[in-house]
Amino acid sequence: MEYGKDYKHIPAVSVNSGSVEEAAPGVYWKTIQIVNVCLIQDQFATDNWVLVDAGMTGSADSIIQFTESLLPDGLKPRAILLTHGHFDHVGAIIELINHWNIPVYAHPFEIPYLTGKENYPEGSTLPKGLMAKLSPYYPNEAINLDKHVQELPLDGEVPFLKGWRWVHTPGHTKGHVSFIREEDRVLIAGDAFVTVKQESLYHVVVQDLEISGPPQYFTFHWTEAKESVSKLEELKPSAAVTGHGKPVRGAKLAGGLKDLVTNFDKAAVPSRHH
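Residues numbered from 1 in each chain as written. Predicted model: local features only at pLDDT ≥ 70, side-chain atom pairs only at ≥ 80, totals over all residues. Heavy atoms only, no water.

### Brief notes about the overall build of the chain
Applied cut-off: The helix and strand labels rest on DSSP assignments: H or I over at least four residues marks a helix, E over at least two residues marks a strand, and numbering proceeds from the N terminus. Think of it in three bands: residues with accessible area under 20% of the maximum for their type are buried, residues over 50% are exposed, and the middle band is partly exposed, with areas taken using a 1.4 Å probe on protein chains only. Any two residues whose heavy atoms approach within 4.5 Å at even a single point are treated as in contact. Using a 1.4 Å probe, the Shrake-Rupley method yields the accessible areas, and only the shown protein chains count as cover for residues.
Within the chain one finds nine helices and 13 strands. Residues classed as buried in the chain amount to 56% of the 274 residues present. Counting contacts in the chain only where the partners sit at least 6 residues apart, residues at least 24 apart contribute 66% of the total. Accessible surface computed for the chain: about 11,400 Å², of which carbon and sulfur atoms make up 49%.

Set out below in structure tokens:
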């Protein structure tokens, strides 16, 4: 997989990079530079594990080590589930597919960006913050997973994870999805919302927790993004792992999501889009 732009223009590594935590029973997360990946165990079939998202370019070894530290010897994830296909969520996916020989699942609307047919829009410099100003340098080209990528089941079920369902949460991308475990409402939100102000280099590095809208520089459908955050807030998640930032739980999550929905246009949307 080759990108036409150099991801090394991203000047940040968060203080959490390399950290591993159990965000909820059977749900583990690891920060790769500025983005999170998750490893989830099926609560009914304990040999079934899936990886959610695939980190930054060059992070395959780190992700493999993450899975091997948690899985029994010789066990590998059954699949990779993608919240969406932006470069920081698929950076190591070719190497991981080659290493594990496992399928990838994504929303049908995301497939063109994962099969070389359509590029994402170039990053926008409209939002404030250095991460946003550098975003035109971030890779936006499609990757080509060819036959390795499949559509998520249309009935909302999640492959290899009983008791979970996927929720279409567009806005950040057309085919963005989130995953929720119905029993305890644990949410994997991707970039539908995040828990760090992702446009700011300072906040990305120090990782102070702030429930924020999707990264502004790569979000272009703000009406849909607002509706997606409202949809997730209505699910009343008990805990959330987002694509960027630390996991958040309980009252802090409930209050932060409610505030985000109420103030979305002012808090989350770049000013010229209002």
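Moving on, there is more to tell.
### Examining the sheet that holds strand β1 (residues 20-24)
Heads up, the condition is: In short, DSSP must find at least two bridges between two strands for them to pair. Note on geometry: axes are lines fitted to C-alpha atoms, helical ones only across the stretch in contact, with angles between N-to-C directions running from 0 to 180 degrees.
The strand order across the open sheet built from seven strands is β1-β2-β3-β4-β5-β6-β7, with neighbouring strands paired in mixed fashion. Taken across any chain shown, the strands that pair with only one partner, and hence form the sheet edges, are β1 and β7 (149-151). For this sheet the average axis-to-axis angle between neighbouring strands, irrespective of direction, equals 30°. Relative to strand β4 (residues 49-52), strand β3 (residues 35-41) runs antiparallel, the two being bridged by four bridges. By the bridge assignment, Ile 40 is partnered in β4 with Val 50. Strand contacts of helix α1 (residues 60-70): β1, β2 (27-32), β3 and β4, with the helix running at about 155° to β2, the strand carrying the most contacts.

### A few points about the confidence of the model for the chain
What counts here: Confidence of the predictor at the level of single residues is captured by pLDDT, which takes values from 0 to 100.
Mean pLDDT over the chain stands at 89; residues scoring 70 or higher make up 88%. Residue range residues 1-15 is modelled with pLDDT below 50. Its contacts to residues more than four positions away, or to other chains, number 52 contacts. With pLDDT under 50 throughout, residues 199-207 is counted as low confidence; its partners more than four residues away or in other chains account for 36 contacts.

### Notes on the environment of His 221
Checked against the element boundaries, His 221 lands in the loop between α6 (201-206) and α7 (222-234). Taking relative accessible area as the criterion, His 221 reaches 36% and is therefore assigned partly exposed. Along the chain, His 221 and Pro 170 lie 51 residues apart, while their C-alpha atoms are 7.9 Å from each other.

### Digging into the sheet that holds strand β13 (residues 248-249)
Reading across the sheet, the six strands line up as β8-β9-β10-β11-β12-β13 and stay open at both edges, with mixed pairing between neighbours. Across the chains shown, the open sheet's two edge strands, defined by having one partner strand only, are β8 (157-158) and β13. Both strand β11 (residues 186-190) and strand β12 (residues 239-242) contribute to a ladder of four bridges, which runs parallel. From the neighbouring strand, Gly 190 faces β12, where its bridge partner is Thr 242.

### Here we look at α7
Quick note on the threshold: The span one expects for a helix is its residue count, reduced by one, times 1.5 Å. Arc definition: directions from the helix axis to the C-beta atoms.
For α7, with 13 residues, the first-to-last C-alpha span of 18 Å sits near the 18 Å given by 1.5 Å per residue. Of all the positions in α7, only Trp 222, Ala 225, Ser 228, Val 229, Leu 232 and Glu 233 are classed as buried. Taken end-on, α7 shows its buried residues confined to a sector of 135°, consistent with a single buried face. In α7, the exposed positions angled more than 90 degrees off the buried face are occupied by Thr 223, Glu 227 and Glu 234. Tucked into the core, α7 has its buried residues touching β10 (177-181), β11, α8 (250-262) and α9 (264-267).

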